[in-house]
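Survey of secondary and tertiary structure
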Amino acid sequence: LVDGTANTISDDEDMHWESIPAENDATKLEKIQRLTSLLETLRMKFVELTHSGRKSDNDIDGLIMSIAHLETVDVLVQTIRLAHCRCQSYQTVEDQYQIMKRSKTSSAGKRQPRKHAKKAVTEIQDLGECFAEYKITVTKALTLLLEKFPVCPLENVSTSRYELTNAGICSALAELGGDNMFENSKGSSPQWMNSVFSYIIPRLNSIGETRFNSDEQMYSGAEGVAANMLLKVVSKLLLPYGIHHGSDSSQKTPTYLLNNPLKRHELLEAFAAAFFPRLAFPVGFESEEQSGSLVYISPDGQKIQQLASNEMGKTAAMLLRTLLIQSADHLLNLSNYEKNKLHEKNSVLLLQMSFVLPVYLVSWEGRLPFESGQVLASFIAIVRQWSEYSGKTVSDDSTMLTKKALDDLCLGLRFTLEALYVADKRKPSIFERLPEQVQKLCVGLVGLLKCPSEALGKYLSNICSKSFAPHRVLKNAPEDAVVISNTMANYVMEVMHSLRKTIPMAMYLTFLVDSCGIKYATCIPTSQQRRMVQDGETATDPVSEFVFSYDKAIGQLCRFLTNSCDQASTKVLPMILPILQKWLSGTAASTGDVIKQLVQARAAISILAAFTWDEVLSCNSIQKESDFIAPRFLKLDEKNDQLLIDGIMDQFEISAKLWSMERGDYIDDLMAQQQYLARLLGPITVLLRYRRGMFGHFAGAICKRVVQQSQDTPQQEEVTPSVKDSSVTGQEGAPSKKINAVEVHLKALLQVLKSKEPASIVDLIKSGDNLPSILISGTKVIQKAVSGGHLAHLGSKLLHQAKLCKS
């Protein structure tokens with residue numbers, strides 16, 4: 001309504017602006033008169049209803065009434081609240097209009113009076129009188145509710161239903177008795193305040209003192225609804241409803257329904273004791289920190305979990321969240337108005353309460369994503385203040401205790417929030433079950449808190465590894481397995497990368513290696529292979545495609561490893577070399593899981609290639625006299641060089657085995673095989689080009705294996721075996737053709753010689769002193785070994801390509 005009125009009266013329009021508000025005021029006048037009449041009628045009906053009850057015997061305020069009349073009382077009280085809320089909206093419009101009218105009058109200058117100006121002024125005066133009359137009616141209704149509050153039951157009757165009615169009356173008292181509508185009606189505030197306090201405080205205390213067994217249902221039915229309504233009354237009393245502007249326009253102070261700050265603090269303490277009792281120290285804190293802490297104490301964790309799981313706990317958490325957001329910017333940066341002991345007590349109390357919120361998050365288990373996001377946002381607002389003042393000396397005595405409580409809270413959150421990331425075999429972690437927007441808040445909070453624990457690093461790496469792996473690869477994973485997106489996994493790794501200087505390097509590197517998901521690399525039975533729909537028909541991807549299913553994760557791993565620090569190849573590479581050696585050695589093991597062997601070997605070679613290429617770019621080796629990376633940058637001894645070459649050779653042979661086990665026409669698809677080899681040889685070519693002596697070892701190893709395998713397996717025999725290895729096909733005894741490993745070796749060497757991207761081997765051969773002769777002699781030996789068989793044409797092509805490279 002306010003926006004609509006503001007848009008109606010515009011400075012840019014030349015119109016009879018006085019007449020339009022006059023018509024609107026006439027309409028408002030009629031509506032307010034009707035609301036006044038309705039409120040008076042409701043009050044009289046309430047008076048009639050109270051005649052069915054009787055006064056309490058102890059001469060205190062209250063009314064004893066039969067349970068049969070409670071529903072009528074609820075309807076009357078709720079209608080009074082709605083009518084009062086409606087009238088408040090009309091007063092807001094009237095105030096805005098008066099401000100705009102004064103502005104228009106001052107800017108109008110010598111504008112001639114309009115025809116209906118006198119009538120408009122008269123109607124505005126009538127509107128003020130109408131509000132005054134409504135004020136009198138509100139005062140009468142408030143007095144009546146105060147006299148009859150609380151409604152008490154007859155003997156031997158359950159009180160839970162009466163609690164619901166009294167909660168509604170309590171809400172009406174807070175709304176009618178507040179001074180937000182009639183600022184001059186200060187006399188009634190203490191009376192309604194005392195009545196509300198005398199009712200709310202004991203009930204909050206009873207919640208805080210109640211103990212429940214694990215099989216008990218806490219506050220169910222009408223009792224739970226009543227307690228939830230009382231919490232909403234508490235929120236109206238604790239939260240400001242407006243801002244008061246002082247004589248200085250920059251001075252702004254919040255205004256409350258409950259004006260007495262001592263009463264607000266008393267209410268806040270009762271609220272904290274009921275829903276957010278102080279908790280014990282998280283595991284990892286030292287005893288010296290515990291002895292002087294302002295945040296932690298012995299817990300009643302079972303009770304908190306029961307509170308958090310119901311509607312009342314959700315309302316309490318959202319109220320605390322609002323209090324934290326409003327006070328976050330004023331915890332340590334205080335105005336002159338806030339520099340007092342009471343403000344410090346409130347701040348410390350809020351920080352004590354906020355440490356219980358992680359228990360609420362865990363109890364919700366992702367079922368309340370919006371509320372979980374709101375709680376996490378409040379933590380971020382608090383931790384930002386801590387990050388800003390962390391390490392600084394606070395000279396202001398009024399914030400010393402707040403600073404200590406803030407330190408205790410943020411240091412403890414590093415441990416208590418770990419529960420969000422814990423997963424077991426039966427269900428995923430809470431973090432994985434949350435929407436991606438809320439997941440970003442979780443990870444952002446980890447980044448703000450800094451110094452993540454080793455346990456948290458393991459939880460996060462496990463979550464990321466499942467994201468990069470095809471989820472059907474995971475053991476016993478259902479079709480609808482909960483896995484975070486690749487985008488979120490990358491964000492987690494980015495945040496951990498930004499925190500690498502706050503954690504040990506070994507822990508950071510372990511996180512990176514585990515996050516890529518290589519440990520989950522395995523074969524996929526044919527019955528579970530990913531299917532695509534093409535032209536209305538269902539087609540199965542070749543099994544060999546799963547060799548490259550981890551390329552995205554490997555690429556991310558390489559990027560973070562090479563950017564971990566300056567001179568990463570000399571500092572980081574030696575630390576991860578053992579795991580690379582393990583992955584390369586896996587190709588020689590007879591595990592039967594060829595996909596895992598190929599993926600791990602590809603990851604190891606890609607990491608070494610990434611460090612090599614990083615040095616090529618940083619040292620600008622291409623433009624220097626030497627064509628290779630200096631040995632000091634890649635400290636790989638002869639043993640490691642031989643292991644690397646053997647791993648490359650084993651990759652070719654395992655690929656031959658994999659192609660032989662493929663189903664369909666893949667065995668005869670030369671283009672598919674060529675593309676497969678091109679992708680496989682990408683990182684290998686970088687090592688052959690820039691690692692000194694590597695190409696010579698590579699060519700010699702291929703020559704040796706081709707000769708040996710040609711002697712062991714006559715090429716003229718192309719068999720069709722019954723494949724016994726079901727780890728790839730998923731079906732035992734699946735007949736297939738067989739590709740000789742010699743053929744893969746020849747095709748691989750031929751593609752290396754032709755390669756131009758990412759590195760040209762031809763330039764290396766031409767610039768080498770003895771490389772051309774080594775290559776020519778080796779290819780001649782290969783041609784002789786395969787002559788007379790079905791691979792003779794490949795041997796001739798290879799020798800021809802070698803001569804072209806020399807020339």
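Quick caveat: nothing in here was measured; it's all calculated off a predicted structure.

**Some words on the overall build of the protein chain**
Scanning the protein chain from terminus to terminus reveals 32 helices and 9 strands. Considering the protein chain as a whole, with its 807 residues, one finds that 50% of them fall into the buried category. Counted over contacts in the protein chain with a minimum sequence separation of 6, partners at least 24 positions apart contribute 77%. Approximately 38900 Å² of the protein chain is accessible, and the part contributed by carbon and sulfur atoms is 51%.

**Side note on the sheet that holds strand E1 (residues 54–55)**
Ordered by their spatial adjacency, 3 strands build an open sheet running E1-E2-E3, and the pairing between neighbours is mixed. This sheet does not close on itself; its edge strands, each paired only once, are E1 and strand E3 (151–152). Two elements, E1 and strand E2 (residues 63–64), share 2 bridges in a ladder whose sense is antiparallel. Its bridge partner lying in E2, arginine 54 is registered against isoleucine 64.

**Things to note about the pattern of salt bridges**
What the rule picks out here adds up to 21 salt bridges. Linking arginine 705 and aspartate 650 is a salt bridge whose minimum nitrogen-to-oxygen distance equals 3.1 Å. Of the two residues, arginine 705 is situated in helix H27 (residues 694–712) and aspartate 650 in helix H25 (residues 638–661); the sequence distance between them amounts to 55 residues. You'll find arginine 705 and aspartate 650 in the same group, each marked buried.

**A closer look at the environment of serine 569**
Positionally, serine 569 belongs in helix H22 (residues 568–571). By relative accessible area, which is 2% here, serine 569 ends up buried. Residues serine 569 and phenylalanine 611, 42 residues apart in the sequence, show an inter-C-alpha distance of 5.8 Å. Only 2.6 Å separates the side chain of serine 569 from the side chain of glutamate 615, close enough to count as a polar contact.

**Focus: a nonpolar patch on the surface**
Where nonpolar side chains cluster on the molecular surface, the patch consists of Ile67, Leu154 and Val157 and spans about 220 Å² of accessible area. Counting through the fold element by element, isoleucine 67 comes out in the loop between E2 and helix H3 (70–108).

**Let's talk about helix H8 (residues 261–275)**
For H8, built from 15 residues, the straight-helix expectation of 21 Å at 1.5 Å per residue is met to within 8% by its first-to-last C-alpha distance of 21 Å. For H8, the complete set of buried residues consists of Arg264, His265, Leu267, Leu268, Ala270, Phe271, Ala272, Ala274 and Phe275. Backbone nitrogen of leucine 262 and a side-chain oxygen of the N-cap are separated by 3.0 Å at the start of H8; the cap is asparagine 260.

**Regarding the nonpolar core**
Counting 223 residues, the largest nonpolar core has Phe275, Phe695 and Phe698 as its most contacted members. Considering every element that reaches this core, the biggest residue donor is helix H24 (residues 594–619), with 13 residues. Setting aside residues up to four positions removed in sequence, phenylalanine 698 forms contacts with Ile645, Ile648, Met649, Phe652, Leu688, Leu749 and Val752.

**Overview of empty space enclosed by the protein**
Inspection of every chain in the model, using the stated rule, returns 4 cavities of 30 Å³ or more. Roughly 90 Å³ of internal volume is contained in the largest cavity. Within the residue set of the lining of the largest cavity, elements represented by two or more residues are helix H15 (400–416) and helix H17 (436–449). Of the residues forming the lining of the largest cavity, the biggest block, 4 residues, is contributed by H17.

**Focus: the packing of H17 against helix H19 (residues 486–498)**
The angle between the axes and the distance between the axes are what describe a pair of packed helices. Two elements in contact, H17 and H19, have axes separated by 10 Å at closest approach and are oriented at 10°. Here H17 lies roughly parallel to H19, going by the angle between them. On the side of H17, the interface is formed by Glu436, Gln439, Lys440, Val443, Gly444 and Gly447, while H19 contributes Thr487, Met488, Tyr491, Val492 and Val495. Grouping the constituent residues of the contact of H17 with H19 by class yields 5 nonpolar, 4 polar and 2 charged.

**A short note on the confidence of the model for the protein chain**
Per-chain confidence: the protein chain averages 76 in pLDDT, with 71% of residues scoring 70 or above. Looking at the elements of the protein chain, mean pLDDT is at its lowest for helix H1 (residues 2–8), recorded as 34, and at its highest for H17, recorded as 96. Low pLDDT, under 50, characterises residues 525–540; the stretch is placed with 24 contacts to residues that sit more than four places away or in other chains. The low-confidence segment residues 715–736 (pLDDT under 50) makes 49 contacts with residues lying over four places distant or belonging to another chain.

**Some points on unusual backbone geometry**
Trans is the common state for peptide bonds, and a negative phi is the common state for residues other than glycine. Residue proline 150 follows phenylalanine 149 across a cis peptide bond; omega there is 0°. Following the sequence through the fold, proline 150 ends up in the loop between helix H4 (117–148) and E3. The phi angle at lysine 450 is positive, at roughly 60°, despite the residue not being glycine. Given the relative accessible area of 43%, lysine 450 is considered partly exposed. Located in the positive-phi region is glutamine 567, a residue other than glycine, with phi close to 55°. Mapped onto the secondary structure, glutamine 567 falls in the loop between helix H21 (551–562) and H22.

**Examining helix H32 (residues 792–806)**
Taking 1.5 Å of rise per residue, the 15 residues of H32 would be expected to cover 21 Å, and the 22 Å separating its terminal C-alpha atoms lies within 8% of that figure. Turning to H32, its buried residues number three or more, namely Leu794, Gly795, Leu798, Leu799, Gln801, Ala802 and Cys805. Buried positions in H32, seen along its axis, are confined to an arc of 160° and lie on one side of it.

**A look at the packing of aromatic side chains**
Enumeration over the complete set of coordinates arrives at 11 aromatic pairs. Ring centres of phenylalanine 652 and phenylalanine 698 lie 6.3 Å apart, and the angle between their planes is 75°; on these two criteria the pair is classed as edge-to-face. In this pair, phenylalanine 652 sits in helix H25 while phenylalanine 698 sits in helix H27, placing the two residues 46 residues apart along the sequence. Neither residue differs from the other here; phenylalanine 652 and phenylalanine 698 are each classed as buried. Taken together, a centroid distance of 5.3 Å and an interplanar angle of 75° make the contact between tryptophan 659 and tyrosine 676 edge-to-face. With tryptophan 659 in helix H25 and tyrosine 676 in helix H26 (residues 670–690), this pair connects stretches of sequence that are 17 residues apart. Overall, the relative accessible area of 3% leaves tyrosine 676 in the buried class.

**Points about the side chain of glutamine 439**
Within the fold, glutamine 439 resides in helix H17. Among the polar contacts listed, one links the side chain of glutamine 439 to the backbone oxygen of leucine 434, at a separation of 3.0 Å. Discounting residues that sit within four places of it in the chain, glutamine 439 has contacts with Phe431, Glu432, Leu434, Ile484 and Met488.

**With respect to the packing of H19 against helix H20 (residues 505–515)**
The interhelical angle for the contact between H19 and H20, taken along N-to-C directions, is 170°, at an axis separation of 11 Å. Considering the angle they form, H19 stands roughly antiparallel to H20. Crossing of H19 over H20 shows left-handed handedness. Of the residues in H20, those touching H19 at Val492, Met493, Met496 and His497 are Tyr508, Phe511, Leu512 and Ser515. Each residue belonging to the contact of H19 with H20 can be placed in one class, and the counts come to 6 nonpolar, 2 polar and no charged.

**Brief notes about the environment of proline 435**
Within the element layout of this structure, proline 435 appears in the loop between helix H16 (430–433) and H17. On the basis of relative accessibility, which here comes to 32%, the residue proline 435 falls in the partly exposed class.

Rules used throughout
Residues numbered from 1 in each chain as written. Predicted model: local features only at pLDDT ≥ 70, side-chain atom pairs only at ≥ 80, totals over all residues. Heavy atoms only, no water. Helix = DSSP H or I, 4+ residues; strand = E, 2+ residues; numbered from the N terminus. Buried < 20%, exposed > 50% of the residue type's maximum accessible area, 1.4 Å probe, protein only. Contact = heavy atoms within 4.5 Å. Areas by Shrake-Rupley, 256 points an atom, 1.4 Å probe, with all protein chains shown as cover. Pairing = 2+ DSSP bridges. Salt bridge = Lys/Arg side-chain N within 4 Å of Asp/Glu carboxyl O. Polar contact = N/O pair within 3.5 Å; in protein donor to acceptor, adjacent residues only side chain to side chain. Patch = residues over 30% accessible without salt bridge, like charges linked within 9 Å, V, L, I, M, F, W, Y side chains within 5 Å. Expected span 1.5 Å × (residues − 1). Core = buried A, V, L, I, M, F, W, Y, C linked by side-chain atoms within 4.5 Å. 1 Å grid on protein atoms, 1.4 Å probe; cavity = no way out; pocket = protein on both sides within 12 Å on 5 of 7 lines; lining within 4 Å. Points joined across faces, edges and corners; volume = space filled by probe spheres on them. Axes fitted to C-alpha atoms, helices over the stretch in contact; angles between N-to-C directions. Parallel < 35°, antiparallel > 145°, perpendicular 65-115°, else oblique. Nonpolar A, V, L, I, M, F, W, Y, C, P; charged D, E, K, R; others polar. pLDDT = per-residue confidence, 0-100. Arc of directions from axis to C-beta. Phe/Tyr/Trp six-rings, centres within 6.5 Å; stacked < 30°, edge-to-face > 60°. Left-handed = near helix turned anticlockwise from the far one by under 90°.

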